[in-house]
Amino acid sequence: MKNVTDLKQKERTVEEALEYAKSIVDTLREPLIVLDANLKVVSANRTFYQTFKTKPEETEGQLIYSLGNQQWNIPKLRELLEEILPRNTSFDNFEVEHDFPHIDKRTMILNARRIPGPPAKPRIMLLAIEDITKRRKAEEELKEHRNHLEKLVENRTAKLYKELTERKKSEDKLKEAFQEIKKREKELEMTNEHLDSFAYSVSHDLRAPLRAINGFSQVLLNTYGDKVDEEMRHYLDRISEGAKKMGQLIDDLLSFSRSTRGEIKYEQIDVENIVNDLIKAHLDIELDRDIEFVVNPLGKIEADKEMLKVVFANLLQNAIKFTTNREKAHIEIGSEQKGDHIQFYVKDNGIGFDMKYKDKLFKAFQQLHTDEKFTGSGIGLATVESIVSKHGGNIWAEGEVDKGATFYFTLPSKTHVGD
Amino acid sequence: MKVVIMNKNEVEILLVEDNPSDEELAIIALKNNNITNKIQVARDGAEALEYIFGSVDSETLICVGPMVVLLDLKLPKIDGLEVLKKMKAHPEAKKIPVVVLTSSSEERDMVESYLLGVNSYIRKPVDFNQFTEAVQQIGLYWLLLNKQPPHKQILVKSNSKI
């Protein structure tokens, strides 16, 4: 009786142990199957059925390879189960990839273990199937992401490098251009120096022979006046007149060349003072003429004093020259603020000019008047134009034949004093 | 035109001029203005310095006159500015009035001359009548109106070159 009770007790213990083992197996989240020595399924856990979409009645007692239309007939699995396992007691972490017709492609890690038992009992083995498809997929995605990122970084780096190279190239080009400019600047400086010494010798050497021509014809006239007849006197006058004119021409040319190459020395100037001084000087010369000067307020401006003097001297000289025919010459000078510039004007009632020639007025060596008493060197207005534009201003003229002319020019009211 | 070379102490005008035409015209202009003062001509800067100091490198003044030096700037050998510099740096020679009479109207020449202590700066006009007028003014001012300080007694070498 005791034996029976013991047996029953033992049986219960075994049952309890089995139940215990079964619940553990069922609780596992990994598919698990138990196979017998013939590789027939003894049992499987819930996860197995869920994962591989099958039922116990379709599974138990079946050969593992024939499960679900032989979807488990995987060469790799066969090799493991039939060749490796008989020689070893277990295998771990064998990765298998297989395309299950109704499920999808799966990546699995297989672990198998022979469950030891008494030699008489049929041997069973436990096959744990870990589905790592998702993990693998995640890993692959991660890898892809990483690759993508790496590629991105690589591309970015390459682009950056390219940009850097290009920038360096353009920097080199810039440097080259800068050097070229420097070189040009130096050449220009040299040219200017040449021009300078050229102008210097012109001013000195070209005038000396003119003094001789003019001087000795005068001396001839003065010394032999009583023996010189009218015709001889006329020719001698022409000679000295010619020399004088050429002297004036050289002076004007030098003034023009100075105005184009000289640097502006800015200072505060009382423009009315300049104009009034010039008018006084002219009045001293033109004693026999009736000229009315009207000087309106001209204010102060920052400009090169000597250059501005040349500008007004030329414009006034022109106004005086071209009003020679007038019984009463009227010359008006004034100014007006126009935005950030001051606009000056010199207006006369002289012989005027045809507006169709207005563009030729400021070109060097262009003359609009053929009458000898109006001819000049043809450089005066070119000099004025050069000075005005050097200061950042504009010059133009309005006129009508026989109805006078007005010359306008602008200068920036704020310049660079103190720069 | 004849220029009489005379005893240095009688010379009243030293004309430093390399151009023969200008020299002749200057002398005519002076005569036209009845300036009969004795004129000595030097044809370059070296000659001018030799006249005043005995030699180019000498630091000793050897002439009492002239009353005025008419100095061209662009001269062979030693240019006018250098002559001016040497004269105006010398304690005795600097009392001699120097009038620059030149073709140049370059601002830098003018400024430089005044910085060195020139007494007048006149640009030679092309027109002879204007030139004569300028010479008249020079003569009137420097030879008649202007009073000069007395010079120190100077040993005059009787065998001097000029």
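Draft legend 1. Fine view of a negative patch on the surface. Residue and element names in this part refer to chain A. A cluster of like negative charges, contributed by Glu11, Glu15, Glu16 and Glu19, occupies part of the molecular surface. Following the sequence through the fold, Glu11 ends up in helix H1 (residues 2-27). Judged by its relative accessible area of 47%, Glu11 is partly exposed.

Draft legend 2. Spatial organisation of the environment of A:Ala303. All names here are of chain A. By the element assignment, Ala303 lies in strand E8 (residues 300-304). Sequence-wise, Ala303 and Pro412 are 109 residues apart; in three dimensions their C-alpha atoms are separated by 8.9 Å. The residues touching Ala303, leaving out its near neighbours within four places in the chain, are Lys265, Tyr266, Glu267, Ile269 and His391.

Draft legend 3. The arrangement of the packing of helix H6 (residues 133-223) of chain A against helix H1 (residues 20-32) of chain B in detail. Taken N-terminus to C-terminus, the directions of H6(A) and H1(B) make an angle of 40 degrees; their axes are 9 Å apart at the nearest point. In terms of their interaxial angle, H6(A) and H1(B) are classed as oblique. Crossing of H6(A) against H1(B): the hand is left-handed. Residue-level inspection shows A:Ala208, A:Arg211, A:Ala212, A:Gly215, A:Phe216 and A:Val219 of H6(A) in contact with H1(B), the latter providing B:Ser21, B:Asp22, B:Glu24, B:Leu25 and B:Ile28. Looking at side-chain class alone, the contact of H6(A) with H1(B) contains six nonpolar, two polar and three charged residues.

Draft legend 4. Seen up close, the nonpolar core. Residue and element names in this part refer to chain A. Leu308, Phe312, Ile331, Ile333, Phe344 and Phe409 are the most contacted members of the largest nonpolar core, which has 40 residues in total. For this core, the leading source of residues is helix H9 (residues 305-321), giving nine residues. For Ile333, the residues in contact, after removing those within four places along its chain, are Val275, Ile279, Phe293, Val294, Val295, Asn296, Leu298, Phe312, Leu316, Tyr345 and Val346.

What counts and how
Residues numbered from 1 in each chain as written. Chains lettered and ligands numbered in written order. Predicted model: local features only at pLDDT ≥ 70, side-chain atom pairs only at ≥ 80, totals over all residues. Heavy atoms only, no water. Patch = residues over 30% accessible without salt bridge, like charges linked within 9 Å, V, L, I, M, F, W, Y side chains within 5 Å. Areas by Shrake-Rupley, 256 points an atom, 1.4 Å probe, with all protein chains shown as cover. Salt bridge = Lys/Arg side-chain N within 4 Å of Asp/Glu carboxyl O. Lys, Arg positive; Asp, Glu negative; His and termini not counted. Charge placed at Lys NZ, Arg CZ, Asp CG, Glu CD. Helix = DSSP H or I, 4+ residues; strand = E, 2+ residues; numbered from the N terminus. Buried < 20%, exposed > 50% of the residue type's maximum accessible area, 1.4 Å probe, protein only. Contact = heavy atoms within 4.5 Å. Axes fitted to C-alpha atoms, helices over the stretch in contact; angles between N-to-C directions. Parallel < 35°, antiparallel > 145°, perpendicular 65-115°, else oblique. Left-handed = near helix turned anticlockwise from the far one by under 90°. Nonpolar A, V, L, I, M, F, W, Y, C, P; charged D, E, K, R; others polar. Core = buried A, V, L, I, M, F, W, Y, C linked by side-chain atoms within 4.5 Å.

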